[in-house]
Amino acid sequence: GEWTPREGAELIGSEAPELEGIEWLSGGPVSLAKAQEDGKAVLMRFWLTECPYCTATAPALNEMHERYGERGLTVVGIHHPKSERARDHELVRAAAERMGLEFAVGVDDQWKTIRAYGVGTAFRNFTSVSFLIDKAGAIRWVHDGGEFHRGGGQDHQRCNAAFESLLGELGSLL
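Rules of the game
Residues numbered from 1 in each chain as written. Predicted model: local features only at pLDDT ≥ 70, side-chain atom pairs only at ≥ 80, totals over all residues. Heavy atoms only, no water. Buried < 20%, exposed > 50% of the residue type's maximum accessible area, 1.4 Å probe, protein only. Helix = DSSP H or I, 4+ residues; strand = E, 2+ residues; numbered from the N terminus. Pairing = 2+ DSSP bridges. Axes fitted to C-alpha atoms, helices over the stretch in contact; angles between N-to-C directions. Parallel < 35°, antiparallel > 145°, perpendicular 65-115°, else oblique. Left-handed = near helix turned anticlockwise from the far one by under 90°. Contact = heavy atoms within 4.5 Å. Nonpolar A, V, L, I, M, F, W, Y, C, P; charged D, E, K, R; others polar. Core = buried A, V, L, I, M, F, W, Y, C linked by side-chain atoms within 4.5 Å. Arc of directions from axis to C-beta. Polar contact = N/O pair within 3.5 Å; in protein donor to acceptor, adjacent residues only side chain to side chain. Phe/Tyr/Trp six-rings, centres within 6.5 Å; stacked < 30°, edge-to-face > 60°. Salt bridge = Lys/Arg side-chain N within 4 Å of Asp/Glu carboxyl O.

### As for the pairing of strand S6 (residues 139-143)
Counting buried positions along S6 yields four of five residues, so the element is predominantly enclosed. Pairing of strand S5 (residues 130-133) with S6, which is carried by four bridges, proceeds in the antiparallel orientation. Looking at S6, one finds that phenylalanine 131 is bridged to valine 142. Hairpin connection from S5 to S6: five residues lie between these consecutive antiparallel strands, with glycine 137 at a positive phi of about 85 degrees.

Dropping the structure here:
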């Protein structure tokens, strides 16, 4: 059926906050201002080292990066630690390599960006939320966390609907 996020739908159409407080481990820095200048859309996923949903989602993000990177999509993974251990950037770097992340990866140790995007307020069930930001800097599409790929997870119909919905948005954006 039609995709609508259970949380965060009210953010669609609003201006995306700039990425702040991020230390880039690979492929950065990414800034929304620069993406707008370059006429690029941004697909951003908040992820965690100890998150099975994030591991399951990684191939889909790589696919987006490979398929649409040349056409003007910037894929970004923002890590946000939930434990002291997860503040170790070497651990995060190793996890990103193990997951095969081929796109820009940054760490938001202070949760500056992640909170600006409504994690903990608009989003209460998951922190592993994804956003599609258009070339004008507006939030166009939201995934409210957990697994996000074709046929994924306990709730594979919602997963598929989300994925098809993103492909539709990308088709109209790029």
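### Some details on the packing of helix H2 (residues 52-68) against helix H5 (residues 156-173)
Here H2 crosses H5 at 20 degrees, and the two axes come no closer than 13 Å. Comparing their axes, H5 and H2 come out roughly parallel. Of the two elements, H2 crosses H5, and the hand of that crossing is right-handed. Counting all contacts with H2, which are made through Ala60, Glu63, Met64, Arg67 and Tyr68, the residues of H5 involved are Phe163, Leu166, Leu167 and Leu170. Here the contact of H2 with H5 is built from residues that sort into seven nonpolar, no polar and two charged.

### Points about the nonpolar core
Counting 33 residues, the largest nonpolar core has Leu43, Trp47, Met64 and Leu73 as the members making the most contacts within it. Within the residue set of this core, elements represented by two or more residues are strand S2 (41-47), H2, strand S3 (73-79), helix H3 (89-98), strand S4 (104-107) and H5. A per-element tally of this core places H5 first, with seven residues. Among residues more than four places away in sequence, those in contact with leucine 43 are Leu61, Met64, Leu73, Thr74, Val75, Val76, Phe131, Leu132, Trp141 and Leu166. With 24 residues, the next largest nonpolar core counts Ile114, Val129, Ile139 and Val142 among its residues.

### Some words on H3
Here H3 has its buried residues at His89, Val92, Ala95 and Ala96. Angular distribution of buried residues about the axis of H3 spans 120 degrees; they occupy a single face of the element. Seen from the buried face of H3, the exposed residues on the opposite side, beyond 90 degrees, are Glu90, Glu97 and Arg98. Elements in contact with the buried residues of H3: strand S1 (23-26), S2, S3 and S4. Here H3 starts with a cap whose side-chain oxygen sits 2.9 Å from the backbone nitrogen of glutamate 90, and that cap is aspartate 88. Note on H3: the residue one or two positions beyond its end, glycine 100, has a positive phi of about 75 degrees.

### What about the pairing of S5?
Burial along S5 is two-sided: Ser130 and Leu132 and Phe131 and Ile133, pointing in opposite directions, are all buried. Of the strand pairs in this sheet, S2 and S5 are connected by four bridges, and their pairing is antiparallel. When the sheet's bridge partners are listed, arginine 45 is paired in S5 with serine 130.

### Here we look at the packing of aromatic side chains
Summed over all chains, the structure comprises seven aromatic pairs. With a centroid separation of 4.8 Å and an interplanar angle of 55 degrees, the aromatic rings of tyrosine 117 and phenylalanine 131 are classed as tilted. Pair noted here: tyrosine 117 is in the loop between helix H4 (112-116) and S5 and phenylalanine 131 is in strand S5, with a separation of 14 residues, a long-range link. Like tyrosine 117, the residue phenylalanine 131 is buried in the burial classification.

### Quick word on the pattern of salt bridges
Enumeration according to the criterion identifies 10 salt bridges in this entry. Arginine 93 is paired through a salt bridge with glutamate 90; the nearest N and O atoms lie 2.5 Å apart. Placement of both arginine 93 and glutamate 90 in helix H3 is noted, with a separation of three residues, approximately one turn of the helix. It is possible to trace a salt-bridge network through shared partners that takes in Glu63, Arg67, Arg150 and Glu164.

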